[in-house]
Amino acid sequence: MTEIRPFRALRYDPSRVTPDDVIAPPYDVVGTDAVAMLHARSPHNAAHLENPAGTGDARFAGARRTLDAWLGDSALLRDPQPALYVYEQRARIAGRWVTRRCVFARTRLHRPEEGIIRPHEATMSGPREERLRLIRATRVNISPIFATFLDPAHSARDLIATVAQQKPDFQAHDALG
């Protein structure tokens, strides 16, 4: 059985950053020029961690220093209590608004052959190793993984929808609106 648990997230303090300026797409969907623009947008843009500047091991050490600086200037704060975090994305696709909701949680990893958590795509070893090096350097999972689960009674969906009706703690718009 899959185990999910609450965790103490690091979250931006919206009184210390401009939300639209600090969000960034996942590391694997932006090119070099877009990363440079994200880095220039704000010294607290997530791309500084997700796609750190430099080469080799210096990239990961730099990400650690950046994370420490953000914690030091309180741009990022660690929540005092463990929680599950509802995350909602809205996008205009083919002329209509579509909403995707999820929950950030901590989970125990399992080997694929156990059939508990199954891989959804064949990822290449190079990017996997790079993400592992980043996690080891920062001690933070900067690139959460989306997963789906069966919810035949809709209990999780209904709970997430109820939470999503509350005023968000943090709201931002990406370059596409």
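Above this text is the structure in question.
To start, this report covers the structure provided alongside it. Quick caveat, the model's predicted, so the values are computed rather than measured.

## Regarding the nonpolar core
Residues Tyr12, Leu49 and Trp70 are the most contacted members of the largest nonpolar core, which totals 13 residues. Broken down by element, this core gets its largest block of residues, four residues, from helix H4 (residues 56-72).

## Re the packing of aromatic side chains
According to the stated counting rule, one finds four aromatic pairs in the structure shown. Between the aromatic rings of Tyr12 and Phe170, the centroid separation amounts to 5.9 Å while the plane-to-plane angle is 20 degrees, which identifies the pairing as stacked. Of this pair, Tyr12 sits in strand S2 (residues 10-12) while Phe170 sits in the segment after helix H6 (155-164), and the two are 158 residues apart along the sequence. Among the residues examined, Phe170 registers a relative accessible area of 30% and is labelled partly exposed. An aromatic cluster of three or more residues is present, and its members are Tyr12, Trp70 and Phe170. Directly above the aromatic system of Phe146 lies the positively charged group of Arg100, at a separation of 4.2 Å from the ring centroid. Sitting above the plane of the Tyr27 ring, Arg131 keeps its charged end 3.7 Å from the centroid.

## So, the pairing of strand S5 (residues 96-104)
With nine bridges joining them, strand S4 (residues 85-93) and S5 adopt antiparallel strand pairing. Directly across from Arg90, in S5, lies its bridge partner Thr99. The turn joining S4 and S5, which pair antiparallel and follow one another in sequence, is formed by two residues; a positive phi near 50 degrees is taken by Ala94.

## Things to note about the pattern of salt bridges
Scanning the model with the defined rule gives 13 salt bridges in all. Linking Arg11 and Asp79 is a salt bridge whose minimum nitrogen-to-oxygen distance equals 3.0 Å. Of this pair, Arg11 sits in strand S2 while Asp79 sits in the loop between strand S3 (76-78) and S4, and the two are 68 residues apart along the sequence. The exposure class assigned to Arg11 is partly exposed, which follows from its relative accessible area of 31%. Linked through salt bridges whose partners overlap, the residues forming this network are Glu50, Arg59, Glu130 and Arg131.

Calculation criteria
Residues numbered from 1 in each chain as written. Predicted model: local features only at pLDDT ≥ 70, side-chain atom pairs only at ≥ 80, totals over all residues. Heavy atoms only, no water. Core = buried A, V, L, I, M, F, W, Y, C linked by side-chain atoms within 4.5 Å. Buried < 20%, exposed > 50% of the residue type's maximum accessible area, 1.4 Å probe, protein only. Helix = DSSP H or I, 4+ residues; strand = E, 2+ residues; numbered from the N terminus. Phe/Tyr/Trp six-rings, centres within 6.5 Å; stacked < 30°, edge-to-face > 60°. Lys NZ or Arg CZ within 6 Å of the ring centre and 35° of its normal. Pairing = 2+ DSSP bridges. Salt bridge = Lys/Arg side-chain N within 4 Å of Asp/Glu carboxyl O.

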